[in-house]
Amino acid sequence: ETGVTQTPRHLVMGMTNKKSLKCEQHLGHNAMYWYKQSAKKPLELMFVYNFKEQTENNSVPSRFSPECPNSSHLFLHLHTLQPEDSALYLCASSQELGRTGTEAFFGQGTRLTVV
Amino acid sequence: DQQVKQNSPSLSVQEGRISILNCDYTNSMFDYFLWYKKYPAEGPTFLISISSIKDKNEDGRFTVFLNKSAKHLSLHIVPSQPGDSAVYFCAASRGNTPLVFGKGTRLSVIA
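Quick notes on the rules
- Within each chain, residue numbers correspond to sequence positions counted from 1 in written order.
- Following the order in which they are written, the chains are lettered starting with A and the ligands numbered starting with 1.
- The model is predicted, so local features are restricted to residues of pLDDT at least 70 and side-chain atom pairs to those at 80 or more, both for listing and for counting; the totals for chains, interfaces and linings are taken over all residues.
- With hydrogens and water set aside, each side-chain value is computed from the structure's full complement of heavy atoms.
- When a carboxyl oxygen of Asp or Glu lies within 4 Å of a side-chain nitrogen of Lys or Arg, that pair is called a salt bridge.
- Partly exposed residues are those whose accessible area sits between 20% and 50% of the maximum for their type, while under 20% is buried and over 50% is exposed, using a 1.4 Å probe and protein chains only.
- Per the convention used, a helix needs a DSSP run of H or I reaching at least four residues, while a strand needs a run of E reaching at least two, with both numbered from the N terminus.
- Here, residues are in contact when the closest pair of their heavy atoms is within 4.5 Å.
- By definition, the buried area sums, over both parts, the 1.4 Å-probe accessible area that each loses when the two are put together.
- Two N or O atoms form a polar contact when they lie within 3.5 Å of each other; inside protein one atom must be a possible hydrogen donor and the other a possible acceptor, and for residues adjacent in sequence the pair counts only when both atoms belong to side chains.
- Between any two strands, at least two bridges found by DSSP are needed for them to pair.
- Patches were defined on residues exceeding 30% relative accessible area and lacking a salt bridge, with like-charge contacts within 9 Å and nonpolar side-chain contacts (Val, Leu, Ile, Met, Phe, Trp, Tyr) within 5 Å.
- Note on areas: Shrake-Rupley, 1.4 Å probe, and residue coverage restricted to the protein chains presented here.

**Observations regarding the pattern of salt bridges**
Residue and element names in this part refer to chain B.
Moving on, step 1. Inspection of the entire model under this criterion finds three salt bridges over all chains.
Moving on, step 2. In this structure, E58 and K56 form a salt bridge, with 4.0 Å as the shortest nitrogen-oxygen distance.
Moving on, step 3. According to the relative accessible area criterion, E58 is exposed, its value standing at 51%.
Moving on, step 4. With its nearest N and O atoms 2.8 Å apart, the salt bridge here joins D84 to R61. Linking D84 in the loop between β8 (72–77) and β9 (86–93) with R61 in the loop between β6 (56–59) and β7 (62–67), this pair joins segments that are 23 residues apart in sequence.
Moving on, step 5. Exposure remark for D84: the relative accessible area of 2% places this residue in the buried category.

In C-alpha cells, the structure reads:
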C-alpha cells in the first residue's frame, strides 16, 4: 500500500469511447502527476499539478484531458484514443513541487488497451 | 533527447553476488537522484536517493554512488537476492522540476 490508489487497474476501450482514469492519494501531498509507461521507453511525464494548478503539460495530445478537483484527487479523461495510446498510466504524488529532495510515490497504474 | 540514460536494458546476477546498475545523465543542473524498483503489474516504489552534495548513500544492502564530474550514478545491491529481481529506474530532478526517468534496467537474480 503506497498511499496512492488508481482505478481501474485494467481498462479496454474502443477508439470512439470516452473513459476516465482516477487517482487518489492519502498522503497529504500537494503535487500530483500523470506518467505514461510504454514498452522500452522511459516513464514519460504527461501532466503536473501543484496545489491544484496545472504547471506542466508535456505536449500531450488533446485526447488526454486532466482534471484535479482537489489536492487528493486527479483524473485523466480519455476520448477518441488511438491503439498506440495503449500503455501503463501511472499516477504519482509528492509533497509539493519546488521542494528539492522529496521523492514521488506512485500508484499501481492502470493498464490501458485501446482496440 | 534523453536526459537520463540507462544503457543496459537487462542484467543477470547470481544470488549472493553484487548487482551494479548504472545510470548516466546529461543535465548538470540535476541536484537530486533517485532509484525506483518496479515489479510487474505494480507502480514503481522508491528505493534510495542521493543529493548532489554527497557522493555516496547507503541503506542496508543498497548503496548509491554519485560521480558528478562523470555525470554518472550507480546502484549497488549486495548481496543480491531473488526478490531483488525487478526493473530498476534511475530518476533525477533539479529544483522545482518533476522527476525525469531513464528507461529502466531489468535485473534478474538467479538462485
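What follows picks up the thread again.
**Details of the interface of chain A and chain B**
Moving on, step 1. Contacts between the two partners involve 24 residues from chain A and, on the opposite side, 21 residues from chain B.
Moving on, step 2. Approximately 1,700 Å² of surface area, both sides summed, lies buried where chain A meets chain B, with 65% of it carried by carbon and sulfur atoms.
Moving on, step 3. In this assembly, chain A and chain B are joined by zero salt bridges.
Moving on, step 4. Inspection of the chain A/chain B interface yields two residue pairs in polar contact (both at pLDDT 80 or more).
Moving on, step 5. The set of elements that each furnish at least two residues to the side of chain A that touches chain B consists of β4 (31–37), β5 (44–50) and β9 (87–94) of chain A.
Moving on, step 6. The dominant element in the side of chain A that touches chain B, judged by the number of residues it contributes, is β4 of chain A, at three residues.

**Some remarks on the sheet that holds strand β1 (residues 4–5) of chain B**
All names here are of chain B.
Moving on, step 1. An order of β1-β3-β8-β7-β6 is seen for the five strands of this open sheet, with the pairing classed as antiparallel. Only two strands of the sheet have a single partner each, and these edge strands are β1 and β6.
Moving on, step 2. Relative to β7, β6 runs antiparallel, the two sharing four bridges. Each residue of the ladder has a partner; that of K56, found in β7, is F65.

**Things to note about a nonpolar patch on the surface**
Moving on, step 1. On the surface, a nonpolar cluster with roughly 230 Å² of combined accessible area is contributed by I18, I20 and V78 of chain B.
Moving on, step 2. Within the secondary structure, V78 of chain B is located in the loop between β8 and β9.

Shape is all these values report; function is a separate question.
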